[in-house]
Amino acid sequence: MIRLVRDGDPRPLRPPGPVPVPGRPRRGKPFRVLVLGGARSGKSVTAERLLAGRDRVDYVACGPAADESDPAWAERLRVHRERRPARWATLETLDLAGVLAGRGLPPAGQAVPVLVDCLSTWLAGVIDDSGLWAGAAGADKEIAARVDALLDAWRSTSRHVVAVSNEVGSGVVPATVSGARFRDDLGVLNARIAAECEQVWLCVAGIARRLR
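Quantities reported herein were computed from a predicted structural model and do not represent experimental measurements.

Caption draft 1: Seen up close, the nonpolar core. Leu 34, Leu 96, Val 116, Leu 119, Trp 122, Leu 189 and Ile 193 are the most contacted members of the largest nonpolar core, which totals 31 residues. Every element with two or more residues in this core is listed here: β1 (31–37), α3 (96–101), β4 (114–117), α5 (119–130), α6 (139–156), β5 (160–166) and α7 (177–194). The element best represented in this core is α6, accounting for 7 residues. Residues within four places of Leu 189 in sequence aside, it is in contact with Leu 119, Trp 122, Leu 123, Val 147, Leu 150 and Leu 151. Of all hydrophobic cores here, the second largest spans 16 residues; its members include Phe 31, Val 35, Leu 51 and Val 162.

Caption draft 2: Seen up close, the packing of aromatic side chains. Throughout the structure, instances matching the rule amount to 1 aromatic pair. Geometrically, the ring pair formed by Tyr 59 and Trp 88 is tilted, given 6.4 Å between the ring centres and 35° between the ring planes. Residue Tyr 59 is located in strand β2 (residues 58–61), and its partner Trp 88 is located in the loop between α2 (71–83) and β3 (89–92); the two are separated by 29 residues in the primary sequence. The same class applies to Tyr 59 as to Trp 88, namely buried.

Caption draft 3: Local environment of the packing of α5 against α6. In contact at an axis separation of 9 Å, α5 and α6 are set at 145° when each is read in the N-to-C sense. Read as a crossing pair, α5 and α6 show a hand that is right-handed. Between α5, through Leu 119, Trp 122, Leu 123, Val 126, Ile 127, Asp 129 and Ser 130, and α6, the contact on the second element is made entirely by Ala 139, Glu 142, Ile 143, Arg 146, Val 147 and Leu 150. Here the residues of the contact of α5 with α6 are counted per class, giving 9 nonpolar, 1 polar and 3 charged.

Caption draft 4: Region of the structure containing α5. The end-to-end C-alpha distance of α5, which contains 12 residues, comes to 16 Å, matching closely the 16 Å that a straight helix rising 1.5 Å per residue would cover. Within α5, burial applies to Leu 119, Ser 120, Trp 122, Leu 123, Gly 125, Val 126, Ile 127 and Ser 130. Against β1, α3, β4, α6, β5 and α7 lie the buried residues of α5. Among the residues trailing α5, Gly 131 stands out with phi positive, at a value near 80°.

Caption draft 5: Spotlight on the sheet that holds strand β7 (residues 207–210). Taken in spatial order, the 7 strands line up as β3-β2-β4-β5-β1-β6-β7 in an open sheet, and their pairing is mixed. Single-partner strands in this sheet number two, and they are β3 and β7. Averaged over all neighbouring strand pairs, the angle between strand axes comes to 20°, with direction disregarded. Alignment of β1 against strand β6 (residues 199–204), held across 5 bridges, turns out to be parallel. For Leu 34, the partnering residue across the bridge sits in β6 and is Val 200.

Caption draft 6: Focus on the state of the cysteines. Throughout the structure, instances matching the rule amount to 0 disulfides. Free of any disulfide, Cys 118 has its nearest neighbouring cysteine sulfur in Cys 62, separated by 6.9 Å. Residue Cys 118 is classed as buried on the basis of its relative accessible area, which comes to 7%.

Caption draft 7: Expanded view of the environment of Ser 178. Mapped onto the elements of the fold, Ser 178 is located in helix α7. Between the alpha carbons of Ser 178 and Trp 133 there is a distance of 7.6 Å; along the sequence they are 45 residues apart.

Scoring rules and cut-offs
- Residues numbered from 1 in each chain as written.
- Predicted model: local features only at pLDDT ≥ 70, side-chain atom pairs only at ≥ 80, totals over all residues.
- Heavy atoms only, no water.
- Core = buried A, V, L, I, M, F, W, Y, C linked by side-chain atoms within 4.5 Å.
- Buried < 20%, exposed > 50% of the residue type's maximum accessible area, 1.4 Å probe, protein only.
- Helix = DSSP H or I, 4+ residues; strand = E, 2+ residues; numbered from the N terminus.
- Contact = heavy atoms within 4.5 Å.
- Phe/Tyr/Trp six-rings, centres within 6.5 Å; stacked < 30°, edge-to-face > 60°.
- Axes fitted to C-alpha atoms, helices over the stretch in contact; angles between N-to-C directions.
- Left-handed = near helix turned anticlockwise from the far one by under 90°.
- Nonpolar A, V, L, I, M, F, W, Y, C, P; charged D, E, K, R; others polar.
- Expected span 1.5 Å × (residues − 1).
- Pairing = 2+ DSSP bridges.
- Disulfide = S-S within 2.5 Å.

Put into structure tokens, the structure is as follows:
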């Protein structure tokens, strides 16, 4: 038997500090970061810590709004909201291209960093909007066009942006055609976004490691 012995009373674990961000963005230069991880890997918390020192952040929530039909989803959203600083603005939208371009914002607003949580729910929303699962004609072209528009906005943005996404390469092989399609599309989207980033992070068991 192994016993852990401490002097005095047990002390609570100290909360983790901010994630160090080597290579800070230069003033006026775009700085794009992708944070990947599996379910409950700590990717959202890591993304928030990367911007913890900013007074203002536009937090883009891409998932569906909470309702009584899914208590688990509503609880998850509640936890996310309570974790964000009160000074951060929450934007519930799938128009990521517009947010990255700063459409309708004054110059001061376009300088506010963006946190996107997450690309996985954004893609799911885009697929639903296209009518792919219902067999709508032209759904594939619409999805491709919206992904391309996001990539164009990601490349050309002048904002400091941190995006969260699920890493699907290590997950369970989907048992359905729709699940396999979503996994493949998200994997391609992650790779395309990562190719246009100054930094890419991977989170495993709450531990963040910089890949680039």
